[in-house]
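Structural features, examined
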Amino acid sequence: ISNSPIFVVDGTGTGYSYKMDFFPDTVPEETIMANDSTISFSNRTDGVQYFHVRVKNSGAWSDTTHYKIMIDKTKPLAPQNTVAEFLEDGTIKLSWGSGSDSYSGVAGYKIYRSFLRDFDIRFDFYEIVSEKTQETTFIDPNVEAGKSYHYRLQTIDTVGNVGGLTSSFVAHVP
């Protein structure tokens, strides 16, 4: 899922011909482009791409093998419409609108909590109350009376890219 994929071709051969593009059925030319079975590419753009390879062995070229890959280095978008509310059972319920990711999709959300309003996860005290919930609601049962809890969320896509933080949102426990 890197934007600089590396392929290791199975089998032995005297040379390899390959191409990487956006088309599923490309056939590389019958020209040796590499003698090593490790082939790498740099700085590919996001999206579905195809790697096509042929092996030359004993003077003959193999059929082309095609590999579909997804390149996704784009961060997902943050959730919207965040709400924190104290419930009668003594917990805080968080809810939000889905984040989005146009390439690999959303895997879940990381939830941060602090006693500080507008806390910064680079500098301030905070705790992670969920590493990766897949829901768009979360119940925080670990709260104490008389305290305010501030939350922030980040979207995580299916390849591990982490999006920006939401604004801080708060619930007060009476």
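Check the entry above for the structure.
The following refers to the structure shown. Values in this document were obtained by computation on a predicted structure and should not be read as measured data.

Our next topic: the side chain of threonine 26. Here threonine 26 lies in the loop between strand S2 (15-21) and strand S3 (38-40). Residue threonine 26 is classed as buried on the basis of its relative accessible area of 17%. If we ignore the near neighbours within four places in the chain, the residues touching threonine 26 are Lys19, Asp21, His52, Thr64 and His66.

Turning to a nonpolar patch on the surface, a few remarks are in order. On the surface, a nonpolar cluster with roughly 310 Å² of combined accessible area is contributed by Phe115, Leu116 and Phe125. Inspection of the secondary structure assignment puts phenylalanine 125 in the loop between strand S9 (106-114) and strand S10 (127-133). What makes phenylalanine 125 exposed here is its relative accessible area of 54%.

With that settled, consider the nonpolar core. Ranked by internal contacts, the top residues of the largest apolar core, which has 14 residues, are Ala84, Ile92, Leu94, Trp96, Ile111 and Tyr151. Contributions of two or more residues to this core are made by strand S8 (92-97), S9, strand S12 (148-157) and strand S14 (169-172). Setting aside its immediate chain neighbours within four residues, leucine 94 contacts Val83, Ala84, Ile111, Thr136, Thr137, Phe138, Tyr151 and Phe169. The next biggest cluster of nonpolar side chains, apart from the first, holds 13 residues, and it includes Phe7, Tyr16, Phe51 and Ile71.

Attention now moves to the pairing of S14. Only one face of S14 is covered, namely the face carrying Phe169 and Ala171; the face carrying Val170 and His172 is uncovered. Where S12 and S14 come together, four bridges link them in antiparallel fashion. Looking at the pairing, tyrosine 149 lines up with alanine 171 of S14.

Moving on to the pattern of salt bridges. Side chains that differ in sign of charge can pair as their charged atoms come close. A complete count under the given rule lists six salt bridges for this structure. Linking glutamate 30 and arginine 54 is a salt bridge whose minimum nitrogen-to-oxygen distance equals 3.2 Å. Highlighted residues: glutamate 30 in the loop between S2 and S3 and arginine 54 in strand S4 (residues 47-57), separated in sequence by 24 residues. Classification of glutamate 30 by relative accessible area gives exposed; the value is 55%. Note that glutamate 127 is salt-bridged to arginine 113, the shortest N-O span being 2.4 Å. Separated by 14 residues along the polypeptide, glutamate 127 in strand S10 and arginine 113 in strand S9 bring together distant segments of the chain. Classification of glutamate 127 as partly exposed rests on a relative accessible area of 31%. Overall, the relative accessible area of 7% leaves arginine 113 in the buried class.

Turning to the sheet that holds strand S7 (residues 80-86), a few remarks are in order. Here three strands make up an open sheet; going across it, the order is S7-S8-S11 and the pairing antiparallel. Both outer strands of the open sheet, S7 and strand S11 (137-140), are each paired with one neighbouring strand and no more. For this sheet, the mean inter-axis angle between neighbouring strands, taken without regard to orientation, is 15°. Where S8 and S11 come together, four bridges link them in antiparallel fashion. Note on S11: the bridge partner recorded for leucine 94 is phenylalanine 138.

Criteria and cut-off values
Residues numbered from 1 in each chain as written. Predicted model: local features only at pLDDT ≥ 70, side-chain atom pairs only at ≥ 80, totals over all residues. Heavy atoms only, no water. Helix = DSSP H or I, 4+ residues; strand = E, 2+ residues; numbered from the N terminus. Buried < 20%, exposed > 50% of the residue type's maximum accessible area, 1.4 Å probe, protein only. Contact = heavy atoms within 4.5 Å. Patch = residues over 30% accessible without salt bridge, like charges linked within 9 Å, V, L, I, M, F, W, Y side chains within 5 Å. Areas by Shrake-Rupley, 256 points an atom, 1.4 Å probe, with all protein chains shown as cover. Salt bridge = Lys/Arg side-chain N within 4 Å of Asp/Glu carboxyl O. Core = buried A, V, L, I, M, F, W, Y, C linked by side-chain atoms within 4.5 Å. Pairing = 2+ DSSP bridges. Axes fitted to C-alpha atoms, helices over the stretch in contact; angles between N-to-C directions.

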